[in-house]
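# Topology and contacts: notes
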Amino acid sequence: MPETSIIIAIDGYSSTGKSSFAKKIASAYGLLYLDSGALYRAVTLFAMENRFVQNGVLDISGMAPFLGDLNIHFQHNSVGQIQTYMGGRNIEADIRTMAVAANVSIVAVDPIVRNYVNGLLRSYGQKGGVIMDGRDIGTTVFPHAQLKLFMTADSMVRGQRRADELRAGGEQCDLQEVLQNLQERDYIDSHREVSPLAQAPDAIVLDNSHMTFQQQMEWIGGILKEKFGLEPLKR
Ligand code: DC
């Protein structure tokens, strides 16, 4: 059981390092980490594999009846990394590909899909002690979160980070293509009608273009201690 019932919402642009940051905070402070992007990616994978998304068009009426049975959940592997599952299948690697990234904004724009994902997030988060990352956590999913962060960084820095990540996962990629995908996703995410990517008025902005991971951890450590009296777990 987490020692605090705090809800922390981290929103921001693609590839600003939200999930690595949120995961580290979760393990340091004993919180449950929920990756909302992974849920959208999982639904996208399902849509692609079952041809509910083709040529940039989502057949939501065809897919909607299946959503309740997808059974998307998170589980730690033997080395403590969080893995995304759909049914009994580990889909962690499959949801991180460029092919999924190219379709995810088309799927995530749909209100039925958003409603489904938000329901999952709220049920996981209802007891608190959670940190979630996404695009609309602080504005829509948990507007009463006690701490909201909005992460941003130069697009060139983000593109390079994303390309490094893809290459580390064994995928060939071209920096220009990665940059273009990031910019397209930023645009679609920020301009969609239903819960667009937006900074909550009470969010604290973190621009990490020129910060190391360690500096970001020190920064958040200061905020958690000062505002909430939280200290990292002793191990
Ligand atoms: O964080 P990510 O890159 O894994 O997210 C994948 C996509 O999911 C992103 O392009 C937009 C969408 N998304 C969203 O619309 N709302 C969220 N709360 C999280 C992600």
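This text goes with the structure placed above it.
These remarks concern the structure in this document. Because the structure is predicted, anything quoted here is derived from the model rather than measured.

Let us now look at the overall build of the protein chain. If you tally the helices and strands in the protein chain, you get nine helices and ten strands. Over its C-alpha atoms the protein chain spans a radius of gyration of 17 Å, differing by no more than 12% from the 18 Å that the globule rule assigns to 235 residues. On the principal axes, the C-alpha backbone points of the protein chain span a range of 50 × 40 × 40 Å. Going through the 235 residues of the protein chain one by one, you find that 50% of them count as buried.

All right, on to the site of the ligand then. The ligand sits among 14 residues. The nearest are Arg-41, Arg-114, Arg-135, Asp-136 and Arg-192. Here Asp-189 contributes a side-chain N or O atom positioned 3.2 Å from an oxygen atom of the ligand. One nitrogen or oxygen atom from the side chain of Arg-192 is found 2.8 Å from an oxygen atom belonging to the ligand. The fraction of the free accessible surface of the ligand (450 Å²) that becomes covered by protein chains is 95%.

A separate point is the sheet that holds strand β5 (residues 72-76). The three strands lie next to each other as β5-β6-β7, forming an open sheet whose pairing is antiparallel. Here the strands that pair on one side only, and so sit at the sheet edges, are β5 and β7 (89-90). Here strand β6 (residues 82-86) runs beside β7; their pairing, made up of two bridges, is antiparallel. Within the sheet, the bridge partner assigned to Met-86 lies in β7 and is Arg-89. Sheet strands in contact with helix α2 (residues 36-49) are β5, β6 and β7, and its direction is about 120° off that of β5.

Let us look at the sheet that holds strand β10 (residues 204-207). Where strands meet in a sheet, backbone hydrogen bonds hold them as pairs that are either parallel or antiparallel. Overall, parallel pairing links the five strands, which are arranged β2-β8-β1-β9-β10 in an open sheet. The sheet terminates laterally at β2 (32-35) and β10, the two strands that pair on one side only. Going across the sheet, the axis of each strand differs from the next one's by a mean of 20°, ignoring polarity. Bridging between strand β1 (residues 7-12) and strand β9 (residues 147-152) involves five bridges; their strand directions are parallel. Within β9, the residue paired with Ile-8 across the bridge is Leu-147. Packing against the sheet, α2 makes contact with β2 and β8 (130-134), and its axis sits at approximately 40° to β2.

Contact geometry of α2 with helix α4 (residues 98-108) gives a least axis separation of 8 Å together with a crossing angle of 100°. One way to sum up the angle between α2 and α4 is to call them roughly perpendicular. Side by side, α2 and α4 meet where Tyr-40, Arg-41, Val-43, Thr-44, Leu-45, Ala-47 and Met-48 of the first sit next to Ala-99, Val-100, Ala-101, Asn-103, Val-104, Val-107 and Ala-108 of the second. Of the residues contributing to the contact of α2 with α4, the split by class is eleven nonpolar, two polar and one charged.

A word on the pairing of β1. With respect to burial, β1 is a largely interior element, six of its six residues being buried. Covered by surrounding structure in β1 are Ile-7, Ala-9 and Asp-11 together with Ile-8, Ile-10 and Gly-12, the residues of both alternating faces. Inspection of the sheet shows β1 paired to β8 by five bridges, in the parallel sense. In the sheet register, Ile-7 faces β8, and the bridge partner there is Val-130.

Two side chains carrying opposite charge are able to pair once their charged atoms lie near each other. Applying the stated criterion to the full structure yields eleven salt bridges. Put simply, Asp-35 and Arg-96 hold a salt bridge, and the shortest N to O gap is 3.1 Å. Of this pair, Asp-35 sits in strand β2 while Arg-96 is found in the loop between β7 and α4, placing the two residues 61 residues apart along the sequence. Across the pair Arg-89 and Asp-94 runs a salt bridge, and its minimum N-O distance is 3.0 Å. Residue Arg-89 is classed as partly exposed on the basis of its relative accessible area, which comes to 33%.

Scoring rules and cut-offs
Residues numbered from 1 in each chain as written. Predicted model: local features only at pLDDT ≥ 70, side-chain atom pairs only at ≥ 80, totals over all residues. Heavy atoms only, no water. Helix = DSSP H or I, 4+ residues; strand = E, 2+ residues; numbered from the N terminus. Rg over C-alpha atoms; globule rule 2.2 N^0.38 Å. Buried < 20%, exposed > 50% of the residue type's maximum accessible area, 1.4 Å probe, protein only. Near = heavy atom within 4 Å. Polar contact = N/O pair within 3.5 Å; in protein donor to acceptor, adjacent residues only side chain to side chain. Areas by Shrake-Rupley, 256 points an atom, 1.4 Å probe, with all protein chains shown as cover. Pairing = 2+ DSSP bridges. Contact = heavy atoms within 4.5 Å. Axes fitted to C-alpha atoms, helices over the stretch in contact; angles between N-to-C directions. Parallel < 35°, antiparallel > 145°, perpendicular 65-115°, else oblique. Nonpolar A, V, L, I, M, F, W, Y, C, P; charged D, E, K, R; others polar. Salt bridge = Lys/Arg side-chain N within 4 Å of Asp/Glu carboxyl O.

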